[in-house]
Amino acid sequence: MPHAVTENCIRCKHMECVTVCPVDCFHEGENFLAIDPGACIDCGVCVAACPVEAIASDLTPGIEEWLEINARLSAAWPKITHPGIPPADGDRWRNVPGKRRFLSDRPGRGS
Ligand code: F3S
């Protein structure tokens, strides 16, 4: 079972997870990354790499919504294999509650 990117990523999008992923399972949206559940090998190295603790295992309580979001959006967005430049105001959004409403369905550029 895969890991999933969760709400803390929205508008932070630090992308250290992309650097450490051994199977390139991340896909890029405008303000969020999503994990392809078919590519993720559940190694968990991205969990420790994310500075805002946005990545969780499928065993985390309440993760079901984010597993669905990651599966749906990763299928629609381009793969990202090299981290880009994080949003200039990303640190301002660290641990801000209620960011779910800002999640954009628009794709990022990928790489
Ligand atoms: Fe998001 Fe954390 Fe990766 S903020 S882009 S899951 S390093």
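This text gives an overview of the structure that appears in the document.

Conventions used here
- Residues numbered from 1 in each chain as written.
- Predicted model: local features only at pLDDT ≥ 70, side-chain atom pairs only at ≥ 80, totals over all residues.
- Heavy atoms only, no water.
- Helix = DSSP H or I, 4+ residues; strand = E, 2+ residues; numbered from the N terminus.
- Buried < 20%, exposed > 50% of the residue type's maximum accessible area, 1.4 Å probe, protein only.
- Near = heavy atom within 4 Å.
- Nonpolar A, V, L, I, M, F, W, Y, C, P; charged D, E, K, R; others polar.
- Core = buried A, V, L, I, M, F, W, Y, C linked by side-chain atoms within 4.5 Å.
- Contact = heavy atoms within 4.5 Å.

## Remarks on the side chain of Lys13
Next, step 1: Among the secondary structure elements, Lys13 is positioned in the loop between strand E1 (3-5) and helix H1 (16-20).
Next, step 2: On the basis of relative accessible area, Lys13 is assigned to the buried category, the value being 8%.

## Things to note about the site of the ligand
Next, step 1: Close contacts around the ligand come from 13 residues, with Cys9, His14, Met15, Cys17 and Cys50 the closest.
Next, step 2: Residues belonging to the shell around the ligand are distributed by class as follows: 10 nonpolar, one polar and two charged.

## Description of the nonpolar core
Next, step 1: Within the largest apolar cluster, 30 residues are counted, with the highest numbers of intra-cluster contacts made by Phe26, Phe32, Ile55 and Trp66.
Next, step 2: Elements represented by at least two residues in this core include exactly E1, H1, strand E3 (33-35), strand E4 (55-57) and helix H3 (64-76).
Next, step 3: Apart from residues no more than four positions distant in its own chain, Phe26 is found in contact with Val5, Cys17, Val18, Cys21, Leu33, Ala34, Ile35, Cys46, Ile55, Lys79 and Ile80.

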